[in-house]
Amino acid sequence: MRLSRLFLPTLKETPTEAQIVSHRLMLRAGMIRQHAAGIYNWLPLGTRVLQNIIQIVREEQNAAGAQEIIMPTIQSGDLWKESGRYDDYGPEMLRIKDRHERDMLYGPTHEEVVTDIFRNNVKSYRDLPKNMYQIHWKFRDEVRPRFGVMRGREFLMKDAYSFDIDFVRSRHAYNQMFVAYLRTFSRMGLKAIPMRADSGPIGGDMSHEFIVLAETGESAVFCHRGLVDMKVPENVDYDADLQPIIDAWTSLYAVTDEKHDIATEAKLGADLVKARGIEVGHIFHFGTKYSGPMKAVVTAADGGTVAVMMGSYGIGVSRLVGAIIEASHDDAGIIWPESVAPFRVGLINLKTGDAACDAACTKLYSELTKAGVSVLYDDREDRAGVKFADMDLIGIPWQVVIGPKGVAKGQAEVKRRAGGARDECPIDSVVGRFVGKA
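Rules behind the numbers
Residues numbered from 1 in each chain as written. Predicted model: local features only at pLDDT ≥ 70, side-chain atom pairs only at ≥ 80, totals over all residues. Heavy atoms only, no water. Helix = DSSP H or I, 4+ residues; strand = E, 2+ residues; numbered from the N terminus. Rg over C-alpha atoms; globule rule 2.2 N^0.38 Å. Buried < 20%, exposed > 50% of the residue type's maximum accessible area, 1.4 Å probe, protein only. Contact = heavy atoms within 4.5 Å. Pairing = 2+ DSSP bridges. Axes fitted to C-alpha atoms, helices over the stretch in contact; angles between N-to-C directions. Salt bridge = Lys/Arg side-chain N within 4 Å of Asp/Glu carboxyl O. Patch = residues over 30% accessible without salt bridge, like charges linked within 9 Å, V, L, I, M, F, W, Y side chains within 5 Å. Areas by Shrake-Rupley, 256 points an atom, 1.4 Å probe, with all protein chains shown as cover. Disulfide = S-S within 2.5 Å. Phe/Tyr/Trp six-rings, centres within 6.5 Å; stacked < 30°, edge-to-face > 60°.

Observations regarding the overall build of the chain
In step 1: Secondary structure assignment for the chain yields 13 helices and 23 strands.
In step 2: Over its C-alpha trace the chain gives a radius of gyration of 24 Å, about what one expects of a compact globule, namely 22 Å for 438 residues.
In step 3: Across its three principal axes, the chain shows a C-alpha extent of roughly 80 × 60 × 45 Å.
In step 4: Here the chain holds 438 residues, and the buried ones make up 54% of them.
In step 5: Considering only contacts within the chain whose residues lie at least 6 apart along the sequence, 71% involve residues at least 24 apart.

Some remarks on the sheet that holds strand 6 (residues 103-106)
In step 1: The strand order 4-6-5 describes an open sheet built from 3 strands, whose pairing is antiparallel. Edge positions in the open sheet fall to strand 4 (74-76) and strand 5 (94-97), since each of these has one partner strand only. Within this sheet the neighbouring strands show an average axis-to-axis angle of 35°, counted without direction.
In step 2: Two strands pair when backbone bridges link them, and strand 4 and strand 6 are joined in this way by 3 bridges, in the antiparallel orientation. Bridge pairing in strand 6 places Gln75 opposite Leu105.

Observations concerning the environment of Tyr86
In step 1: Within the secondary structure layout, Tyr86 lies in the loop between helix 3 (77-83) and strand 5.
In step 2: You can call Tyr86 buried: its relative accessible area is 10%.
In step 3: Taking C-alpha positions, Tyr86 is 13 Å from Arg102, a pair spaced 16 residues apart along the chain.
In step 4: With near-sequence residues (within four places) excluded, Tyr86 lies in contact with Gly77, Trp80, Lys81, Met93, Arg95, Asp103 and Leu105.

Some remarks on the pattern of salt bridges
In step 1: What the rule picks out here adds up to 28 salt bridges.
In step 2: Between Arg344 and Glu338 there is a salt bridge, with the nearest N and O atoms lying 2.7 Å from each other.
In step 3: Given a relative accessible area of 14%, Arg344 falls into the buried group.
In step 4: Among the salt bridges present, the one from Glu338 reaches Arg416, with a minimum N-O distance of 4.0 Å.

Section: a nonpolar patch on the surface
In step 1: Residues Ile74, Leu94 and Ile96 make up a contiguous nonpolar surface patch of roughly 210 Å² in combined accessible area.
In step 2: As for its placement among the helices and strands, Ile96 is situated in strand 5.

Re the state of the cysteines
In step 1: Overall, the coordinates contain 0 disulfides when judged by the stated rule.
In step 2: A disulfide-free cysteine, Cys357 has its sulfur positioned 6.3 Å from the sulfur of Cys361, the nearest such atom.
In step 3: Its relative accessible area of 0% is what places Cys357 among the buried residues.

Overview of the environment of Gly84
In step 1: As for its position among the elements, Gly84 is in the loop between helix 3 and strand 5.
In step 2: Note: C-alpha distance between Gly84 and Ser339 (255 residues apart in sequence) is 42 Å.

Focus: unusual backbone geometry
In step 1: In the segment running from Leu128 into Pro129, the intervening peptide bond is cis, with an omega of 5°.
In step 2: With respect to the helices and strands, Pro129 occurs in the loop between helix 4 (111-121) and strand 7 (130-139).
In step 3: Residue Glu101 is not a glycine yet carries a positive backbone phi of 65°.
In step 4: Inspection of the secondary structure puts Glu101 in the loop between strand 5 and strand 6.
In step 5: Although it is not a glycine, Lys295 adopts a positive phi angle of roughly 55°.

Quick notes on the side chain of Asp390
In step 1: Relative to the elements of secondary structure, Asp390 occurs in helix 11 (residues 384-394).
In step 2: Residue class for Asp390 comes out buried when judged on its relative accessible area of 14%.
In step 3: Ignoring any residue separated from it by four or fewer positions in sequence, one finds Asp390 in contact with Thr10 and Arg380.

Considering the packing of aromatic side chains
In step 1: This structure, assessed with the given rule, holds 11 aromatic pairs.
In step 2: Residues Tyr106 and Phe139 carry aromatic rings whose centres are separated by 5.4 Å and whose planes lie at 55° to one another, so their mutual orientation is tilted. One end of the pair, Tyr106, is in strand 6; the other, Phe139, is in strand 7, with 33 residues separating them in the sequence. Assigned by exposure class, Tyr106 and Phe139 land together as buried.
In step 3: On the numbers, 4.3 Å between centres and 5° between planes, the contact of Phe118 with Phe163 is stacked.

Brief notes about the sheet that holds strand 23 (residues 422-426)
In step 1: Overall, mixed pairing links the 5 strands, which are arranged 20-19-21-22-23 in an open sheet. The outermost strands of the open sheet, each flanked by one partner alone, are strand 20 (375-378) and strand 23. Taken over all neighbouring pairs, the strand axes of this sheet differ in orientation by 25° on average, direction set aside.
In step 2: In the sheet, strand 21 (residues 398-402) pairs with strand 22 (residues 411-416) via 4 bridges, with the strands oriented antiparallel. By the bridge assignment for strand 22, Val401 is matched with Glu413.
In step 3: Sitting on the sheet, helix 10 (residues 355-370) touches strand 19 (345-349), strand 20 and strand 21, and the angle it makes with strand 19 is about 165°.
In step 4: Sitting on the sheet, helix 11 touches strand 19, strand 20, strand 21 and strand 22, and the angle it makes with strand 19 is about 170°.

These values are about where atoms sit, not about what they do.
Below you can see the structure in the form of structure tokens.
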């Protein structure tokens, strides 16, 4: 993509309405613009990041055995009345009526809808297990939306739902998602700490939230140092017993500030890590909370019927964009991990209009693109300082700089955004530095 053609409305000044780093930088970098309170338009740069995050989430869900579906945004209120949540959920749920005065709602979550899908289509234990997921926009009417995409009213979420015949197999489905979440966040360059959590309006007997460590996080986190250093499993057989992995991650101390106690802090001593954190995922095991009242039953091996055991598993996909920025930025702007960056390489022409610079940049841009390397080519007729500042602001992992002096020597300058290390290399060798490397 040539920057001269990209819709990228960057801002030099910090918007007054932005209170946290990610909100400020997403506005300044031209990623989003507010449509209404807590509701945002995603512009091209932000959309590219969002799509990269979606792809990682999708790949890890598929690897864990979940199958992708799409459920309606507008849901029937009757289903929520069956489960008992229509009146209990609270004013965060946007309730509406259609032209026939039927109760409808804009889905804040989809347990009822997916349970209805299941009960109408699955009748035997032989058809289990099942795990279905979607990546879908949701709406919760927050009383005080703030912090940009971190606490908006409309948000993109991955929600998965598992169905099993008994507790043992349902717990295995829960463990599969637990491990998939560890891998998902690790691939995005994030350190996520799983913590036992309250189930809230979702319900259930077991729940964990995943907290990303970030200096500007929304809540205080206290955890054992071993959790920060623990390695995420790379090669996973999701059909095997995953309980040892879960036990390793949940056996160490990890709480948020409201559950922290001084006695435990003293006991851990040097092993205690105090940090800030942002919730990016939440998983729930709730057994028959929905399948019971909604009569989602299957025929068991003995010929009887049994209500299926269920779990649900959420990842805040759009929230992750903000969380990654909170965890990875400096005074100049965003520092994207390569796996989610909108472009991998920023190609900077220091003297647009100079025949030699233009030719070198055009050739390099073409070669990188043909090699499958995503490139943002700054071909604008602007000052070098402006180009450097914009590239730092939008956070592209690598910058390749072409100027008259370098072209005369056949050299390009390569800068790594994280840390700012620079070196020179032959222009003809630039493509080789990026092809086949993560």
